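# Overview (structure and organization)
Take a look at the letters that make up each chain.
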Amino acid sequence: MGILMWILVGLIAGVLASVVMGGIGYGIIGDIIVGIVGAFIGGWLLRALGAGTPFGGLAGTIFVAFIGAVVLLLVIRLLTGGRRRNS
């Protein structure tokens, strides 16, 4: 997977996770980072649970990254007490 695909998957997963978690996102760069880190977390989590990607291709990659991004945002909210920085 090329770097542009990593960025695309990260952006899509980060934005979707932010929407599901009820936030407004972290900006385009922040959402990409959340999505890419989420892909690693999602891959590790599904592997640890003995589950695989439910479907193949790009959609499966985005799904795994989305699951990981939701977990990452949940952990961030737990650690920060749900506070967001004011811009």
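## Topic: helix α1 (residues 3–20)
Given a rise of 1.5 Å per residue, 18 residues ought to cover 26 Å, and the 26 Å separating the end C-alpha atoms of α1 matches this to within 8%. Buried within α1 are the following residues: V9, G10, A13, G14, A17 and S18. Here the buried residues of α1 occupy an arc of 150 degrees about the axis, which is enough to place them on one side. Residues of α1 that are exposed and point over 90 degrees away from its buried face: L4 and V19. Contact partners of the buried residues in α1: α2 (27–48) and α3 (57–80).

## Looking at α3
Its 24 residues place the ends of α3 35 Å apart at the C-alpha level, agreeing with the 34 Å of an ideal helix rising 1.5 Å per residue. Among the residues of α3, G60, I62, V64, A65, F66, G68, A69, L72 and L73 are the ones counted as buried. Looking at the packing, one finds that the buried side of α3 touches α1 and α2.

## Observations regarding the packing of aromatic side chains
Taken as a whole and judged by the stated rule, the model has two aromatic pairs. With a centroid separation of 5.5 Å and an interplanar angle of 20 degrees, the aromatic rings of W6 and F40 are classed as stacked. Remark: F40 occurs in helix α2 and W6 occurs in helix α1; sequence separation between them is 34 residues. Under the relative-accessibility criterion, W6 is labelled partly exposed at 28%. Taking the centre distance of 5.6 Å and the plane angle of 50 degrees together, the rings of F55 and F63 count as tilted. Residue F55 is classed as partly exposed on the basis of its relative accessible area, which comes to 39%. Judged by relative accessible area, which is 31%, F63 ranks as partly exposed.

## Quick word on the environment of I3
Locating I3 in the fold gives a position in helix α1. Relative accessible area serves as the criterion here: at 63%, I3 is assigned to the exposed category. For the pair I3 and G14, spaced eleven residues apart in sequence, the C-alpha to C-alpha distance is 16 Å.

## Describing the side chain of S18
Along the chain, S18 falls in helix α1. Reaching out from S18, the side chain makes a polar contact with the side chain of D31 at a distance of 3.4 Å. Setting aside anything within four residues of it in sequence, one finds S18 in contact with G23, G25, Y26, D31 and L73.

What counts, and where the lines are drawn
Residues numbered from 1 in each chain as written. Predicted model: local features only at pLDDT ≥ 70, side-chain atom pairs only at ≥ 80, totals over all residues. Heavy atoms only, no water. Helix = DSSP H or I, 4+ residues; strand = E, 2+ residues; numbered from the N terminus. Expected span 1.5 Å × (residues − 1). Buried < 20%, exposed > 50% of the residue type's maximum accessible area, 1.4 Å probe, protein only. Arc of directions from axis to C-beta. Contact = heavy atoms within 4.5 Å. Phe/Tyr/Trp six-rings, centres within 6.5 Å; stacked < 30°, edge-to-face > 60°. Polar contact = N/O pair within 3.5 Å; in protein donor to acceptor, adjacent residues only side chain to side chain.

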